[in-house]
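One letter stands for each residue in the lines below.
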Amino acid sequence: MMSVLWLRKQWLNLLAISLLASPILMLSNAAAAEALSAKDQGYLKDIARLGILQIEASELAVVKSSNEAVRHHAQEMIKIQAQLGEALKQIANQKRASLPKEPSLWQKAKLRSLSAKDGAEFDLGYAKTVGVKSQEEMVNLLGKIANRAEDPEIKAFALQHLSLATSNLETAKALLAVLKVEDD
């Protein structure tokens, strides 16, 4: 009889401790999310939105373009941005930061404008806006993050992906040059 009472008392003690500890654990999770500065959270969101724009525009290019070089570039962009997105999700989860699921309104307007084009006009538009301009934005953003982010892991993430983004930019510039020659 004594052991049953003793076990019941211990169980009630454990229950009370867990109920008291639960809000403390929630606060520590919230504190971990707050540990990432608003600036660094903004950087992660900017990378995510730009990556989503590049993927959506590249998926459109795979379907709409009749130029094999454009389709190949678009397929590579999808693959590279998907890998970047997965790495970004991992660091965001680790830092308890939320990421957007869609591009910004301004980026959506770019997509709408691009989707209204056809043929060589579409190919040039894709190469200019997504291939070169958005990739320049990505290179500049990763460079800015590498220099200005407060979180060392976010800085390392930016540095790790900067060279590939720069290489993608050079490939996009070469594609645009070829398309301009073909258009003339």
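All figures in this text were calculated on a predicted structure; none of them were measured in a lab.

What counts, and where the lines are drawn
- Sequence positions are assigned chain by chain, starting from 1 and proceeding in written order.
- For a predicted model such as this one, the threshold for reporting local features is a pLDDT of at least 70, and the threshold for listing and counting side-chain atom pairs is 80 or more; totals across whole chains, interfaces and linings nevertheless cover every residue.
- Side-chain measures were taken over the full set of non-hydrogen atoms in the model, leaving aside hydrogen atoms and water.
- Per the convention used, a helix needs a DSSP run of H or I reaching at least four residues, while a strand needs a run of E reaching at least two, with both numbered from the N terminus.
- Note on classification: 1.4 Å probe, protein chains only; a residue is buried when its accessible area is under 20% of the maximum for its type, exposed when over 50%, partly exposed between these limits.
- Two residues form a contact once any of their heavy atoms are found within 4.5 Å.
- Think of a 1 Å grid over just the protein atoms. A cavity is a set of points where a 1.4 Å probe fits yet cannot get out, a pocket is an open set with protein on both sides within 12 Å along at least five of seven lines, and lining residues have an atom within 4 Å of a point.
- Grid points are joined across faces, edges and corners, and a volume is the space filled by probe spheres set on the points.
- What the arc covers is the set of directions going from the helix axis to the C-beta atoms.
- In plain words, nonpolar cores are sets of buried Ala, Val, Leu, Ile, Met, Phe, Trp, Tyr and Cys residues tied together by side-chain atoms within 4.5 Å.
- We define a salt bridge as a side-chain nitrogen of Lys or Arg found within 4 Å of a carboxyl oxygen belonging to Asp or Glu.

(A) Layout of the side chain of Gln81. Within the element layout of this structure, Gln81 appears in helix H3 (residues 68–95). The class for Gln81 is buried, based on a relative accessible area of 4%. Sequence-distant contacts of Gln81, defined by excluding residues within four places in its chain, comprise Gly51, Gln54, Ile55, Gln135 and Met138.

(B) Local environment of empty space enclosed by the protein. Tallying each qualifying case throughout the model produces one cavity of 30 Å³ or more. Here the largest cavity defines a volume of roughly 40 Å³. What lines the largest cavity is simply Leu53, Lys110, Leu111, Leu114, Thr129 and Val130. The biggest single contributor to the lining of the largest cavity is helix H4 (residues 105–115), with three residues.

(C) Representation of H4. Inspection of H4 places Gln107, Leu111 and Leu114 among the buried residues, and these make up the whole buried set. Taken down its axis, H4 places every buried residue within 65° of arc, on the same side. Exposed residues lying more than 90 degrees from the buried face of H4 are Leu105, Trp106 and Arg112. Elements in contact with the buried residues of H4: helix H2 (38–64) and helix H5 (119–148).

(D) Quick peek at the layout of surface pockets. Roughly 290 Å³ of volume is contained in the largest pocket. Forming the walls of the largest pocket are 19 residues, and the residues nearest its centre are Ile52, Gly85, Lys89, Leu99 and Pro100. For the lining of the largest pocket, the secondary-structure elements that each account for two or more residues are H2 and H3. When residues in the lining of the largest pocket are grouped by element, the largest group, nine residues, is from H3.

(E) A look at the nonpolar core. Counting 42 residues, the largest nonpolar core has Leu44, Ile47, Leu88, Tyr126, Met138, Ile145 and Ile154 as its most contacted members. Counting residues per element, the ones that place at least two in this core are H2, H3, H4, H5 and helix H6 (152–183). Looking at which element gives the most residues to this core, the answer is H5, with twelve residues. When near neighbours in sequence (up to four residues on either side) are disregarded, Met138 contacts Ile47, Leu50, Gly51, Gln54, Gln81, Leu84 and Ala165.

(F) Spotlight on unusual backbone geometry. Of note in the backbone geometry, Arg96 takes a positive phi value of approximately 55° without being a glycine. By secondary structure assignment, the location of Arg96 is in the loop between H3 and H4. Since its relative accessible area comes to 43%, Arg96 is described here as partly exposed.

(G) Spotlight on the pattern of salt bridges. In this structure the tally under the stated criterion is nine salt bridges. For Arg71, the salt bridge goes to Glu68, with nearest N and O atoms at 2.5 Å. Of this pair, Arg71 and Glu68 both sit in helix H3, separated by three residues, roughly a single helical turn. Relative accessible area serves as the criterion here: at 52%, Glu68 is assigned to the exposed category. Glu102 is the salt-bridge partner of Lys108, the closest N and O atoms lying 2.8 Å from each other. For Glu102, a relative accessible area of 44% gives the class partly exposed. The structure contains a network of salt bridges with shared partners spanning Lys95, Asp151 and Glu153.

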